[in-house]
Amino acid sequence: FKLQAIFDAITDGICLIDKNFIVQEINRGMTGYLGVSPLDFIGRRCYSVLAGREIMCKDCRAIYTFYRGDPVSYSVSKELNDGYHEFEISIFPVRSEKGGVEQVVYYIKDITEKKRMEGKTEEYMKRLTELGK
């Protein structure tokens, strides 16, 4: 119960995916991003619920984490109900007692606002530079 409460308290999206690419667990943050119930995710293939695909993604980075054991991070843009969002995605290995990767943690953070603010800061700095000339 305590672990689930911590898991759900994290506002970024998190899900646990097994070697068959089936979603085992999901937190409320993930369902909040995509506007669906946890029941819509658990027991389904990640590429189906996260990418809306019937077959595995060509550039699946979870495969790399499963076989190499290394974490992976990347960014994607996705259109949601309220417009385009920029997401930072990280995939972390979950190892068995023997050291093999049994599952991966798929962590997603909405960085849309951060990127927007960076753009405004860059624009502001450019204006300041022009004023200083």
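Residues numbered from 1 in each chain as written. Predicted model: local features only at pLDDT ≥ 70, side-chain atom pairs only at ≥ 80, totals over all residues. Heavy atoms only, no water.

**What about helix H4 (residues 61–68)?**
For the record, the criterion: Only protein chains enter the accessibility calculation, which uses a 1.4 Å probe; a residue whose area is less than 20% of its type maximum is buried, one above 50% is exposed, and one in between is partly exposed. Helix and strand labels come from DSSP, where a helix needs a run of H or I of at least four residues and a strand needs a run of E of at least two; each type is numbered from the N terminus. Note that the arc is defined by the directions from the helix axis to the C-beta atoms. Contacts: residue pairs with any heavy atoms within 4.5 Å of one another.
Those residues of H4 lying buried are Ala62, Thr65 and Phe66. Buried positions in H4, seen along its axis, are confined to an arc of 100° and lie on one side of it. Exposed side chains of H4 directed beyond 90 degrees from the buried face belong to Tyr67 and Arg68. The inward-facing, buried residues of H4 contact strand S1 (13–18), strand S3 (72–80), strand S4 (83–95) and strand S5 (101–110). Once H4 finishes, glycine 69 follows within two positions and takes phi at roughly 80°, a positive value.

**Examining the side chain of aspartate 8**
You can see aspartate 8 is positioned in helix H1 (residues 2–9). What makes aspartate 8 buried here is its relative accessible area of 18%. Each residue touching aspartate 8, except ones within four places of it in the same chain, is listed here: Ile26, Asn27 and Arg28.

**A look at the state of the cysteines**
Applied cut-off: By convention in this document, the label disulfide applies to cysteine sulfur atom pairs within 2.5 Å.
For the coordinates displayed, the defined rule picks out zero disulfides. Of all cysteine sulfurs, the one in cysteine 46 lies closest to cysteine 15, which takes part in no disulfide; the gap is 7.4 Å. Overall, cysteine 15 belongs to the buried group, its relative accessible area being 1%. No disulfide involves cysteine 46; its sulfur sits 5.9 Å from that of cysteine 60, the nearest cysteine. On the accessibility criterion, cysteine 46 (9% relative accessible area) is buried.

**A word on the nonpolar core**
Test applied: Side-chain atoms within 4.5 Å are what join buried Ala, Val, Leu, Ile, Met, Phe, Trp, Tyr and Cys residues into a set we call a nonpolar core.
Counting 25 residues, the largest nonpolar core has Cys15, Ile17, Phe21, Met30, Leu50 and Tyr106 as its most contacted members. When residues of this core are traced back to their parent elements, those giving at least two are S1, strand S2 (23–26), helix H2 (28–34), helix H3 (46–51), H4, S3, S4 and S5. Apart from the residues within four sequence positions on either side, tyrosine 106 is in contact with Gly13, Ile14, Cys15, Ile17, Met30, Leu50, Tyr74, Ile89, Ser90 and Ile91.

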